[in-house]
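A closer look at the structure
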Amino acid sequence: MAAELDAAAGALLSVWEAARERTTSRLSGPQLRAVMVVERHDGINLRRLATLLDMLLSSASRLCDRLVAAGMLEREPGRLDRREISLHLTPEARRLLAELRRDRRRRLADVLSGMSGEGRDALLRGIREFDRVAREREGVAAERPALAPPSARGAVDDPVARSA
């Protein structure tokens, strides 16, 4: 089962990677991960970012320097401790992430439109369960919001809209 999932996940990852290459060619993989972490944790400090990225503090600092130079991140003195730096996305970074998600969802919708309704529903149920179990095992359930069930997003019958 794991080998079959690994093979099938390759197709999903290739769709995601094609969208990433098209929209974020200016950013490396680690830079994009850092931008996404800052998006989830607006105002995060450098130490916490390094921890979440599993990096040395000095490496995370250099990564942020490059993202600031690229116009993706802003540094701001902390509100409680002026020595601590808070990280925030720039409007350009927010636009880039929105474009990435639009392109990724369009590509996913194209593939999903070729699947049966039953197949799409089974895939979504399985992905949600996989997500829940993986987060529990990794101990990151509190770090990232889990995938919302359809009732929380508003049920959608359109398979293309459902993939967004």
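About the criteria used
Residues numbered from 1 in each chain as written. Predicted model: local features only at pLDDT ≥ 70, side-chain atom pairs only at ≥ 80, totals over all residues. Heavy atoms only, no water. Helix = DSSP H or I, 4+ residues; strand = E, 2+ residues; numbered from the N terminus. Contact = heavy atoms within 4.5 Å. Areas by Shrake-Rupley, 256 points an atom, 1.4 Å probe, with all protein chains shown as cover. Buried < 20%, exposed > 50% of the residue type's maximum accessible area, 1.4 Å probe, protein only. Arc of directions from axis to C-beta. Polar contact = N/O pair within 3.5 Å; in protein donor to acceptor, adjacent residues only side chain to side chain. Patch = residues over 30% accessible without salt bridge, like charges linked within 9 Å, V, L, I, M, F, W, Y side chains within 5 Å. Salt bridge = Lys/Arg side-chain N within 4 Å of Asp/Glu carboxyl O. pLDDT = per-residue confidence, 0-100. Phe/Tyr/Trp six-rings, centres within 6.5 Å; stacked < 30°, edge-to-face > 60°. Lys NZ or Arg CZ within 6 Å of the ring centre and 35° of its normal. Expected span 1.5 Å × (residues − 1).

1. Regarding the overall build of the chain
Regarding its fold elements, the chain presents 8 helices and 2 strands. Seen in sequence order, the chain has helices and strands lined up from the N terminus as α-α-α-α-β-β-α-α-α-α. Counting only contacts in the chain whose residues sit at least 6 apart along the sequence, the fraction spanning at least 24 positions is 51%. For the chain, the computed accessible surface area is about 10700 Å², with 54% contributed by carbon and sulfur atoms.

2. Some words on helix α3 (residues 46–53)
Turning to α3, its buried residues number three or more, namely L46, L49, A50 and L53. For α3, the arc enclosing every buried residue in end-on projection is 100 degrees, short of the 170-degree limit, so these residues lie on one face. Among the exposed residues of α3, those oriented more than 90 degrees off its buried face are R47 and T51. Along its buried surface, α3 packs onto α2 (29–40), α4 (57–69) and β2 (85–89). At the N-terminal end of α3, a side-chain oxygen is found 3.3 Å from the backbone nitrogen of R47, two or three residues along, and the residue is N45. Of the residues trailing α3, D54 is marked for its positive phi of about 55 degrees.

3. Thoughts on a nonpolar patch on the surface
Together, L12, L13 and W16 make up a nonpolar patch on the protein surface, roughly 280 Å² of accessible area in all. By secondary structure assignment, the location of W16 is in helix α1 (residues 2–23). Assessed through its relative accessible area of 38%, W16 is described here as partly exposed.

4. Some details on the confidence of the model for the chain
On average, residues of the chain score 83 in pLDDT, and 84% of them are at 70 or above. When the criterion is pLDDT under 50, residues 141–146 qualifies, and its contacts beyond four places in sequence or with other chains add up to 11 contacts. Here residues 148–164 scores under 50 on pLDDT; set against residues more than four positions off or in separate chains, the count is 18 contacts.

5. Overview of the packing of aromatic side chains
Under the definition given, this model contains 0 aromatic pairs. The ring of W16 carries the charged tip of R104 above its face, separated from the ring centre by 4.6 Å.

6. Quick notes on helix α6 (residues 117–138)
The terminal C-alpha atoms of α6, which comprises 22 residues, lie 31 Å apart, in line with the 32 Å expected from a rise of 1.5 Å per residue. Turning to α6, its buried residues number three or more, namely R120, R128, D131 and R135. Taken end-on, α6 shows its buried residues confined to a sector of 75 degrees, consistent with a single buried face. Facing away from the buried side of α6 by over 90 degrees, the exposed positions are E118, R125, F130, E136 and R137. With its phi angle positive at about 70 degrees, G139 sits one or two positions after the end of α6.

7. Looking at the side chain of H88
Secondary-structure assignment places H88 in strand β2. Residue classification places H88 among the buried positions, given a relative accessible area of 12%. Looking at H88, its side chain comes within polar contact range of the side chain of D42, at 2.8 Å. H88 has contacts with V38, D42, G43, M72, L73, E74 and E76, leaving out every residue within four places of it along the chain.

8. Here's the deal with unusual backbone geometry
Despite not being glycine, D54 has its phi angle at roughly 55 degrees, a positive value. With respect to the helices and strands, the residue D54 is situated in the loop between α3 and α4. Using a relative accessible area of 72% as the deciding quantity, one classes D54 as exposed.

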